[in-house]
Amino acid sequence: MSKIIPYSTLLRQQHVSFLRHKNREYQERENYLLGLRKLLFQVEGQMRQAELQQLEVFREVAGHFAIDFKLPDLGDRVGLQEVFATDPFLAVLKEFFAGRLTAEECNEKILAFQDESPAG
C-alpha cells in the first residue's frame, strides 16, 4: 500500500527546494560579481598607473624646456582638471599629443612661452 503524502509536506518541500535553488543562483551571481569587482580594481589600478605615467610625460617636457610647471596633488582630480583646462602650456601639449600640431609647431609655441616667461 502506498503512503499518501500530505499537501502541506509537499508544499514545504517545494518551498525548501525553491529556496535552495535561489540560494545557488544568488551565490553564483555573487561569486561572478566578486570576480568582476576584483578585475575592476586591477584595471583601475593599471589605469591610475598609466595616468601617472602620462603626467610624468608632461613634467618631463616642461623640465626639458625649463617651463615652470606645477601640478596639484595627484589626489586632487578637480584641481588636475582645472589645470588641464586652463594652462596654456598643457593646451599646446594636448594639441600636439592629439595630433593637431606637428612637432615643429609645438616647439614654436613652447619657445614662445619661454620668451614670455620672466626666467626665459
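Note that the structure is a prediction, hence the values are computed from the model and not measured.

Caption draft 1: Structural view of the layout of surface pockets. Of the pockets and cavities examined, the largest pocket occupies roughly 230 Å³. As for the largest pocket, its lining consists of Glu 51, Gln 54, Leu 55, Phe 58, Arg 77, Leu 80, Gln 81, Phe 84, Lys 94 and Phe 97. Looking at the lining of the largest pocket, the elements with two or more residues in it are helix 1 (7–64), helix 2 (77–86) and helix 3 (88–97). Considered class by class, the residues forming the lining of the largest pocket number five nonpolar, two polar and three charged.

Caption draft 2: Expanded view of the packing of aromatic side chains. Per the counting criterion, the structure on display carries five aromatic pairs. A centroid spacing of 5.7 Å and a plane angle of 65° characterise the contact between Phe 69 and Phe 89, whose relative ring orientation is edge-to-face. Here Phe 69, found in the loop between helix 1 and helix 2, pairs with Phe 89, found in helix 3; they are 20 residues apart in sequence, far enough to count as distant. Both residues of the pair, Phe 69 and Phe 89, belong to the buried class. Taking 6.3 Å as the distance between ring centres and 80° as the angle between the ring planes, the aromatic pair formed by Phe 89 and Phe 113 counts as edge-to-face. Taken together, the positions of Phe 89 in helix 3 and Phe 113 in helix 4 (residues 103–116) put the pair 24 residues apart, joining distant regions of the chain. Judged by its relative accessible area of 3%, Phe 89 is buried.

About the thresholds
- Residues numbered from 1 in each chain as written.
- Predicted model: local features only at pLDDT ≥ 70, side-chain atom pairs only at ≥ 80, totals over all residues.
- Heavy atoms only, no water.
- 1 Å grid on protein atoms, 1.4 Å probe; cavity = no way out; pocket = protein on both sides within 12 Å on 5 of 7 lines; lining within 4 Å.
- Points joined across faces, edges and corners; volume = space filled by probe spheres on them.
- Helix = DSSP H or I, 4+ residues; strand = E, 2+ residues; numbered from the N terminus.
- Nonpolar A, V, L, I, M, F, W, Y, C, P; charged D, E, K, R; others polar.
- Phe/Tyr/Trp six-rings, centres within 6.5 Å; stacked < 30°, edge-to-face > 60°.
- Buried < 20%, exposed > 50% of the residue type's maximum accessible area, 1.4 Å probe, protein only.

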